[in-house]
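Residues per chain are reported as follows:
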Amino acid sequence: MAKRSDIQFTSKGATCRGWLYQPKKKSSSACIVMAHGFGGVREMRLDAYAERFAAAGYRVLVFDYRHFGSSGGRPRQLLSIRRQHQDWRAAIRFARSLPGVDAGRIILWGTSFSGGHVAFMAARDGNVAAVISQVPHLDGMATAKAAGIAQNLRLGFAALRDMVRMIFHLVPHYVEIVAAPGELGAMTAPGALEGVMRLIPKGFKYETKVAARIFLSVAAYSPGKLAPKIACPWLVQVALRDLTTPSAPAEKAIARAPRGELIKYDLDHFDVYVPPHFERSVGDQLAFLQRHAAP
């Protein structure tokens, strides 16, 4: 087992907390930086990935965004794309400051919503060694379309209600991060609720709501448009039966990336996180890293 320690760094005056994995064997100067998707926190199986990467010889930095998990930030459960980008920049700076880490050997790993964040970061930061986007959100309109018109209208009304509360400095209006089909939530595709529940460790208290204002931003967030600017090796893993982040936009984006690689799985969005399919997904990621950023 790799050695894991608690770490923290500052992002725009607030504290982001996470884990740093140091492999037992002498590691290279590469460091993988990881964060979860929409409303997710590190306890939801990011440790499983980090342990595999550390066993392969990589340092791994896993962090929670401000407003989520053990990180600071008020109000709680506030998802802001701009703030999460700021947290990614702060995490990358922190990783580059670690003893023994080569500033040019930072690897970005993201999944679902953060699969789009790492694409955005790589396009903006020309000194990233490689990027992994697992079942990523790369096209906001495609994700919104998958939710359906009725659900988008309900989420839009909830977002407007939350914006009014923000103007008057009131506690946010919250919506469930995941819910059953037909209920109000950010993710309501068939199987999504069960899929998220599989990621939560026994006894862990997961905060299930998000401030509704984010739903005014999701449709306009399409980091896949930046694919031509991602100069480093970029692995995109798509699930062909994904009803949460449809695979077609990711396939189009990777075709426009200079060094893109695409792997398709006949699975749904949440299958890749857990056994038995987890081993194939993380194994493909390790093989990609061995080709392009070996420890």
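Every chain is numbered independently, its residues counted from 1 as its sequence is written. Only residues with pLDDT of at least 70 get local features here, since the model is predicted, and only at 80 or more are side-chain atom pairs given and counted; chain-wide, interface and lining totals rely on the full set of residues. Heavy atoms throughout the structure, all of them, feed into the side-chain values; hydrogens and water do not.

Along the chain, Thr244 turns up in the loop between strand E10 (234–239) and helix H7 (247–255). Contact between two residues is taken to exist if any of their heavy atoms lie within 4.5 Å; hydrogens are not considered. Excluding anything up to four places from it in sequence, Thr244 contacts Thr143, Met187, Ala189, His269 and Phe270. Strands here are runs of E lasting at least two residues and helices are runs of H or I lasting at least four, both read from the DSSP assignment and numbered beginning at the N terminus.

Before going further, it helps to spend a moment on the pairing of strand E11 (residues 260–265). For two strands to be treated as a pair, DSSP must find at least two bridges joining them. As paired elements, E10 and E11 share six bridges and run parallel to each other. Counterpart to Leu235 in the pairing with E11 is Glu261. Each parallel crossover has a hand, and the one from E10 via H7 to E11 is right-handed. Look down the strands so they point away from you; if the path from the first strand over the helix to the second goes clockwise, the crossover is right-handed.

A separate point is a positive patch on the surface. The patches described consist of residues with a relative accessible area above 30% and no salt bridge, like charges being joined within 9 Å and nonpolar side chains (Val, Leu, Ile, Met, Phe, Trp, Tyr) within 5 Å. For every accessible area listed, the method is Shrake-Rupley and the probe measures 1.4 Å; residues are considered covered only by the protein chains on display. The term salt bridge refers to a side-chain nitrogen of Lys or Arg lying within 4 Å of a carboxyl oxygen of Asp or Glu. When charges are counted, Lys and Arg contribute as positive and Asp and Glu as negative, whereas His and the chain ends are disregarded. One atom stands in for each charge, and that atom is NZ of Lys, CZ of Arg, CG of Asp or CD of Glu. Taken together, the side chains of Lys12, Arg82, Arg89, Arg93, Arg124 and Lys229 make up a positively charged region of the molecular surface. Top contributing element to the positive patch by residue count: helix H2 (residues 81–97), with three residues. Following the sequence through the fold, Arg82 ends up in helix H2.

Attention now goes to the pattern of salt bridges. For the structure shown, the criterion picks out ten salt bridges. Here Glu251 and Lys264 are joined by a salt bridge, their closest N and O atoms 3.2 Å apart. Linking Glu251 in helix H7 with Lys264 in strand E11, this pair joins segments that are 13 residues apart in sequence. Using a 1.4 Å probe on the protein chains alone, a residue whose accessible area is under 20% of its type maximum counts as buried, one over 50% counts as exposed, and one in between counts as partly exposed. Judged by relative accessible area, which is 43%, Lys264 ranks as partly exposed.

Looking now at the sheet that holds strand E8 (residues 185–187). If you trace the three strands from one edge of the open sheet to the other, you get E8-E7-E9, paired in mixed fashion. At either end of the open sheet lies a strand with only one pairing partner, and these are E8 and strand E9 (209–211). Neighbouring strand axes in the sheet, compared pairwise and without regard to direction, differ in orientation by 40° on average. The sheet contact formed by strand E7 (residues 174–178) and E8 spans two bridges and is parallel. Helix axes use the C-alpha atoms of the stretch in contact, all axes being lines fitted to C-alpha atoms, and the angles between their N-to-C directions lie in the range 0 to 180 degrees.

What follows deals with the environment of Ser112. Residue placement: Ser112 occurs in the loop between strand E5 (106–111) and helix H3 (113–124). Here Ser112 falls in the buried class, since its relative accessible area comes to 7%. Expressed as a C-alpha distance, the spacing of Ser112 and Phe38, which sit 74 residues apart in the sequence, is 7.0 Å. Excluding residues that lie within four positions of it along the chain, Ser112 makes contacts with Gly37, Gln134, Val135, Pro136, His137, Thr245, His269 and Tyr273. In protein, a polar contact means a hydrogen-donor-capable atom and an acceptor-capable atom, both N or O and within 3.5 Å, with residues adjacent in sequence counting only if both atoms are side-chain atoms; elsewhere, any N or O pair within 3.5 Å suffices. One polar contact links Ser112 to His269, side chain to side chain, over a distance of 3.1 Å.

As a further point, take a nonpolar patch on the surface. Together, Ile149, Leu153, Phe157, Leu160 and Leu216 give the surface a local cluster of nonpolar side chains, amounting to about 560 Å² of exposed area. Secondary-structure assignment places Leu216 in the loop between E9 and E10. A relative accessible area of 44% means that Leu216 is categorised as partly exposed.

Aromatic pairs are defined between Phe, Tyr and Trp rings, using the six-membered ring for Trp, whenever the two ring centres lie within 6.5 Å; interplanar angles under 30 degrees are classed as stacked, those over 60 as edge-to-face, and all others as tilted. Tallied over the full model, the rule gives eleven aromatic pairs. Members of the aromatic cluster, connected to one another through ring pairs, are Phe9, Phe63, Tyr65, Trp88 and Phe94. Here Arg4 stacks its cationic end above the ring of Trp19, 3.8 Å away from the centre of that ring. Only lysine NZ and arginine CZ atoms are considered, and such an atom sits over a ring when it is within 6 Å of the ring centre and within 35 degrees of the ring normal.

Here we take up the packing of H2 against H3. Closest axis-to-axis distance for the H2/H3 pair is 10 Å, and the angle between their directions is 60°. The angle between H2 and H3 falls in the class oblique. For the element pair H2 and H3, the recorded crossing hand is right-handed. Along the contact surface, H2 presents Ile81, Gln84, His85, Trp88 and Arg89, while H3 presents Phe113, Ser114, His117, Val118, Phe120 and Met121. For classification purposes, angles smaller than 35 degrees are called roughly parallel, those larger than 145 roughly antiparallel, those between 65 and 115 roughly perpendicular, and all remaining angles oblique. Two helices that cross are described as forming a left-handed crossing if the nearer one is turned anticlockwise from the farther one by less than a right angle, and a right-handed crossing if clockwise.

Moving on to the sheet that holds E11. Read across the sheet, eight strands follow the order E1-E2-E4-E3-E5-E6-E10-E11 without closing on themselves; strand pairing throughout is mixed. Two strands close off the open sheet at either side, each with one partner strand: strand E1 (3–11) and E11. Recorded for the sheet is a direction-independent mean angle of 20° between the axes of neighbouring strands. Looking at chain direction, strand E3 (residues 31–35) and strand E4 (residues 59–63) are connected through four bridges and run parallel. Following the sheet pairing, Cys31 is matched in E4 by Arg59. Against the sheet, H2 contacts E1, strand E2 (14–22), E3, E4, E5 and strand E6 (128–134), and its axis sits at roughly 125° relative to E1.

A few words on the packing of helix H1 (residues 46–55) against helix H8 (residues 278–292). Relative to each other, H1 and H8 sit at 40°, their axes nearing to 11 Å. Here H1 lies oblique to H8, going by the angle between them. As for the relative orientation of H1 and H8, their crossing is right-handed in sense. Contacts between H1 and H8 pair Ala48, Tyr49, Arg52 and Phe53 from the former with Phe278, Glu279, Ser281, Val282, Gln285, Leu286 and Leu289 from the latter. Lys, Arg, Asp and Glu make up the charged group, whereas Ala, Val, Leu, Ile, Met, Phe, Trp, Tyr, Cys and Pro make up the nonpolar group; the residues left over, Gly among them, are polar. When the residues that make up the contact of H1 with H8 are grouped by side-chain class, the tally is seven nonpolar, two polar and two charged.

The values are spatial; any link to function lies outside them.
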